[in-house]
Amino acid sequence: MNKPTGMTSHDVVDVVRRITGERTVGHAGTLDPLASGVLVVGVGREATKVLGTISKGTEKTYRATVWLGATSDTYDAEGRISENEEVIPPKKIEVQSALRKFTGTFQQTPPVYSAIKVGGVKAYDRARKGESFQLEPRTVTIHSINLRKYTWPTVEFDVTCSSGTYIRSLAHDLGEALGVGGLLQSLERTSVGTYSIWQAHSLEELQSGWEGFLLPVPHIHS
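Trainee: Help me understand the overall build of the protein, please; the structure alone is not making it clear to me.
Mentor: Of regular secondary structure, the protein possesses seven helices and 14 strands. Seen through its principal axes, the protein has C-alpha atoms that stretch 55 × 40 × 35 Å. Among the 222 residues that make up the protein, the fraction classed as buried is 45%. By sequence separation, contacts in the protein at least 24 residues apart represent 67% of the contacts at least 6 residues apart. Approximately 12,000 Å² of the protein is accessible, and the part contributed by carbon and sulfur atoms is 48%. Side-chain charges of the protein comprise 24 positive and 24 negative groups, with the mean position of each set lying 5 Å from the other.

Written out as structure tokens, the structure is:
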């Protein structure tokens, strides 16, 4: 599916469930409501069995737009935004250099507004209650980052990364590296493993004959 902005991944699953009449429907890898793009949806028991492997065992690519000179408690445009008035805009070469430093394998701290569970409770539920806590850094790999466009205060780039990488954290960390602050303004997932945005379908398309859009369940070795 090509998930639109403004919907949760679970919302998309609910719509697919209604359209197909199949109760067993799931997705491989959550996209935030702010994000759009590739959401692999399994329809039927055999398809949903492989979703975990597709989600955790594949590279993902994104097109991200980062707003520099501002920060957010959620690391994106949906949170409480604080603009940094007195900053010197970095030069393009400085942005390129900072992005290059995020390639490779390193420890990344997820946003506190995330679905990671802390003591059995989702982090964003704790954060919304004003609780103070820290999430443990996790190992992620960024295979490549390619700058597409930079016009202060926005940076647009493509990134290929391992499962579990938070692009919101990358946006925040990029802003810190440049000394100006940063938050994720928009995000499109362009692929999950072999599943590309070019073969993804909208919910509107699904209404007019969903059976024709089904792909074979991949054979995954256990």
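Additional details are given in the paragraphs that follow.
Trainee: Would you take a moment to explain helix 6 (residues 167-178) for this structure?
Mentor: One turn of an α-helix holds 3.6 residues; hence residues three or four places apart share an orientation. Over its twelve residues, helix 6 extends 16 Å from the first C-alpha to the last, a length consistent with the 16 Å expected when each residue adds 1.5 Å. Among the twelve residues of helix 6, nine are classified as buried, and the element is accordingly described as predominantly covered. Among all positions of helix 6, only Ile167, Arg168, Ser169, Leu170, Ala171, His172, Leu174, Gly175 and Leu178 are buried. At the exit of helix 6 stands Gly179, carrying a positive phi of roughly 75°.

Trainee: For this particular structure, what's the right way to read unusual backbone geometry?
Mentor: Note on backbone geometry: most residues besides glycine have negative phi, and most peptide bonds are trans. Between Trp152 and Pro153 the backbone carries a cis peptide bond, its omega angle lying at 10°. For Pro153, the position within the fold is in the loop between strand 11 (138-151) and strand 12 (154-161). Not every positive phi belongs to a glycine, and Tyr75 is a case in point at roughly 70°. With respect to the element layout, Tyr75 can be found in the loop between strand 6 (70-72) and strand 7 (81-83).

Trainee: When you look at the pattern of salt bridges in this model, what are you seeing that I'm missing?
Mentor: Note on pairing: side chains with opposite charge can pair once their charged atoms come close. For the structure shown, the criterion picks out seven salt bridges. Asp73 is the partner of Arg80 in a salt bridge, and the nearest nitrogen-oxygen pair spans 3.1 Å. When the shortest N-O distance is used, the salt bridge between Arg148 and Asp158 registers 3.8 Å. Here the residue Arg148 occupies a position in strand 11, and Asp158 occupies one in strand 12, the gap between them amounting to ten residues. When its relative accessible area of 45% is taken as the criterion, Arg148 is described as partly exposed.

Trainee: How should the pairing of strand 11 be read in this particular structure?
Mentor: Along any regular strand the residues' side chains alternate between the sheet's two faces. Sheet topology places strand 8 (residues 104-108) next to strand 11; five bridges connect them, and they run antiparallel. Bridge pairing links Gln108 to Arg138 in strand 11. Judged from the eight bridges that link them, strand 11 and strand 12 form a sheet pairing that is antiparallel. Along strand 12, the bridge assignment pairs Lys149 with Glu156. A loop of two residues connects strand 11 with strand 12, the two strands running antiparallel in sequence.

Trainee: What am I meant to see in the environment of Lys92 here?
Mentor: Structurally, Lys92 is set in helix 4 (residues 92-100). For the pair Lys92 and Ser132, spaced 40 residues apart in the sequence, the C-alpha separation amounts to 36 Å.

Trainee: Could you clarify how one ought to interpret helix 4 in this entry?
Mentor: Turning to helix 4, its buried residues number three or more, namely Val95, Ala98 and Leu99. Buried residues of helix 4, seen end-on, are gathered within an arc of 100° and therefore sit on one face of the element. In helix 4, the exposed residues that point more than 90 degrees away from the buried face are Ile93 and Arg100. For helix 4, the elements touching its buried residues are strand 11, strand 12 and helix 6.

Trainee: Hey, could you run me through the side chain of Ser191 in this one?
Mentor: Turning to its location among the elements, Ser191 is positioned in strand 13 (residues 182-192). A residue is classified by how much of its surface remains accessible, and Ser191, at 13% relative accessible area, is buried. Within polar-contact distance, the side chain of Ser191 engages the side chain of Thr61 at 2.6 Å. Ignoring any residue separated from it by four or fewer positions in sequence, one finds Ser191 in contact with Val38, Glu59, Lys60, Thr61 and Ser196.

Trainee: Please explain the side chain of Ser162 as it appears in this structure.
Mentor: Here Ser162 is to be found in the loop between strand 12 and helix 6. Given a relative accessible area of 17%, Ser162 falls into the buried group. Sequence-distant contacts of Ser162, defined by excluding residues within four places in its chain, comprise Val140, Thr141 and His143.

The rules behind these values
- Residues numbered from 1 in each chain as written.
- Predicted model: local features only at pLDDT ≥ 70, side-chain atom pairs only at ≥ 80, totals over all residues.
- Heavy atoms only, no water.
- Helix = DSSP H or I, 4+ residues; strand = E, 2+ residues; numbered from the N terminus.
- Buried < 20%, exposed > 50% of the residue type's maximum accessible area, 1.4 Å probe, protein only.
- Contact = heavy atoms within 4.5 Å.
- Areas by Shrake-Rupley, 256 points an atom, 1.4 Å probe, with all protein chains shown as cover.
- Lys, Arg positive; Asp, Glu negative; His and termini not counted.
- Charge placed at Lys NZ, Arg CZ, Asp CG, Glu CD.
- Expected span 1.5 Å × (residues − 1).
- Salt bridge = Lys/Arg side-chain N within 4 Å of Asp/Glu carboxyl O.
- Pairing = 2+ DSSP bridges.
- Arc of directions from axis to C-beta.
- Polar contact = N/O pair within 3.5 Å; in protein donor to acceptor, adjacent residues only side chain to side chain.

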